[in-house]
Amino acid sequence: DFHAIIPAGGVGSRLWPLSRAEAPKFLHDLTGSGETLLRDTWNRILPLAGAAGVMVVTGRAHRTAVQQQLPELAEVNIVLESEPKDSSAAIGLAAAILNRRHPGVIVGSFAADHVITDGERFRQAVEEAVAVARSGYITTIGIAPSEPSVGFGYIRCGAPLAIEGASHAHLVDSFVEKPDLATATAYLASGDYLWNAGMFIARADQLLAQLAETEPLLHEGLLEIAAAWDTSKRDIVVDAVWPLLPKIAIDYSVAEPAAAAGRLAVVRGDFPWDDVGDFSSLAKLLSGGRSGDLAILGEGARVLSDASSGVVVTQSKRLISLIGVTDIVVVDTPDALLVTTREHAQRVKSVVDAIKQAG
Ligand code: GDD
Ligand code: MG
């Protein structure tokens, strides 16, 4: 029995002003496919989990948008948060609810905002991970790294695991969440590490057991909420317990300690995977890796370009004209305009922080 969990939180501040608190990254079409990233995520996992087997965890403010995107999502499979408590709480609560409904269930958590273009090879990796999870490991999916990114978790592959139905599975020697640049550079050079693709597949009870060990308060709170979830006491218990839960990413609460205890496994994924964290990655993704091209995203976009490259994202029908600018980033939305370069695209987050500070 396999159930998928899609945690859909986070704002994606490096994609401002496209990604906003009201319309976070997962509610956008970043590939030009006509589908939002959330819908793509749903479509991708559907053949393995079935519509009744996917649970979405999101903020109360996004309920309507999520239901619009996923009309097949049953009411019992939406978990709404009153405030964000990071990925351990989001994924942990879904796992705890599912484990009560289906004791011993295997769950897989998949980020709502990634771009994966080969659904078939993605599902092959997930099926292998489910086989590994069945034999008792908390299982991640690893991607061969291409640069010393400091935005990812790094997985050091250990001994291969002999598990039927999983030919690309290894024990994990260590898991390091978001190392600094020098460390990431050394990891890349060593050739021994994979990027964590942000997917966790495990028996729900084993995921919860790991949480109980490392974050006992969080674990206790989640079990309390899950026990009340399918009862009339849900709202009272949630309102009392949720605000007190510790805020911590699952990479710290589960992946790092599980690796240290020899309980973490990794399946090598060989599908194209992109977390599209900023506009430079978006430009690369949309132009298929060809630098020197101008990539354009937006329905009915009107862009005139003369010897220009980079990316234009537009939500307006305004004519945008570029002359002789290279590696430029232009993001035109009804109430905010961003102009920067691919080189500085990472710094967009500081603009968002400044706006927040100014209130
Ligand atoms: N519902 C809900 N509530 N979801 C959340 C919350 C929350 O408070 N916080 C995070 N999430 C969801 C995000 O929407 C995303 O689907 C997933 O949990 C991971 O959170 P991110 O905030 O996107 O994490 P990250 O990108 O910094 O790092 C993670 O992903 C990388 C790959 O993209 C880590 O797992 C890294 O190790 C990994 O390499
Ligand atoms: Mg992310």
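Just so you know, these numbers come straight off a predicted model, no measurement behind them.

Novice: Got a minute to help me understand empty space enclosed by the protein in this structure?
Specialist: The gaps of empty space that remain are located by a probe, the size of a water molecule, rolled over the atoms. Per the stated rule, a full pass over the model turns up one cavity of 30 Å³ or more. Quantified by volume, the largest cavity comes out at close to 60 Å³. Taken together, Arg 60, Val 79, Leu 80, Glu 81, Ser 82, Leu 93, Ile 225, Trp 229, Val 238 and Trp 242 form the lining of the largest cavity. For the lining of the largest cavity, the secondary structure elements donating two or more residues are strand S3 (78-81) and helix H7 (216-229). The element best represented in the lining of the largest cavity is S3, accounting for three residues. Of the residues contributing to the lining of the largest cavity, the split by class is seven nonpolar, one polar and two charged.

Novice: How do you make sense of the site of ligand 1 when you look at a structure like this?
Specialist: Of all residues adjacent to ligand 1, which total 23 residues, the nearest are Gly 9, Glu 177, Lys 178, Asn 196 and Asp 251. Here an oxygen atom of ligand 1 sits 2.8 Å away from a polar atom, N or O, in the main chain of Gly 9. Of all the secondary-structure elements, those providing two or more residues to the shell around ligand 1 are strand S1 (2-8), strand S2 (54-59), helix H3 (86-101) and strand S9 (193-203). Take the shell around ligand 1: its biggest share by element is three residues, from H3. Of the residues in the shell around ligand 1, the class split is nine nonpolar, seven polar and seven charged.

Novice: Please clarify how the packing of aromatic side chains should be interpreted in this entry.
Specialist: Two descriptors summarise a pair of aromatic rings, namely the distance from one centre to the other and the angle between the planes of the rings. All told, the structure shown has seven aromatic pairs when counted by the stated rule. The interplanar angle of 15 degrees and the centroid separation of 3.8 Å between the aromatic rings of Tyr 187 and Tyr 193 together place this pair among those described as stacked. Taken individually, Tyr 187 and Tyr 193 each receive the classification buried, so the pair is uniform in this respect. An aromatic cluster is present here, built from Phe 110, Phe 122 and Phe 271 joined pairwise through their rings.

Novice: What exactly am I supposed to notice about the pairing of strand S10 (residues 264-268) here?
Specialist: Where a strand is regular, its side chains alternate between the two sheet faces. The buried fraction of S10 is high, at four of five residues. Both strand S8 (residues 169-177) and S10 contribute to a ladder of three bridges, which runs antiparallel. The partner of His 170 across the bridge, within S10, is Val 266.

Novice: Would you explain the pairing of strand S14 (residues 310-314) in this entry?
Specialist: In terms of residue burial, S14 counts as a mostly covered element, since five of its five residues are buried. Note that strand S12 (residues 294-297) and S14 share four bridges and pair parallel. What sits directly across from Leu 294, in S14, is Gly 310. Where S14 and strand S16 (residues 328-332) come together, five bridges link them in parallel fashion.

The rules behind each value
- Residues numbered from 1 in each chain as written.
- Chains lettered and ligands numbered in written order.
- Predicted model: local features only at pLDDT ≥ 70, side-chain atom pairs only at ≥ 80, totals over all residues.
- Heavy atoms only, no water.
- 1 Å grid on protein atoms, 1.4 Å probe; cavity = no way out; pocket = protein on both sides within 12 Å on 5 of 7 lines; lining within 4 Å.
- Points joined across faces, edges and corners; volume = space filled by probe spheres on them.
- Helix = DSSP H or I, 4+ residues; strand = E, 2+ residues; numbered from the N terminus.
- Nonpolar A, V, L, I, M, F, W, Y, C, P; charged D, E, K, R; others polar.
- Near = heavy atom within 4 Å.
- Polar contact = N/O pair within 3.5 Å; in protein donor to acceptor, adjacent residues only side chain to side chain.
- Phe/Tyr/Trp six-rings, centres within 6.5 Å; stacked < 30°, edge-to-face > 60°.
- Buried < 20%, exposed > 50% of the residue type's maximum accessible area, 1.4 Å probe, protein only.
- Pairing = 2+ DSSP bridges.

It is worth stressing that arrangement in space is one thing and function is another; only the former is reported here.
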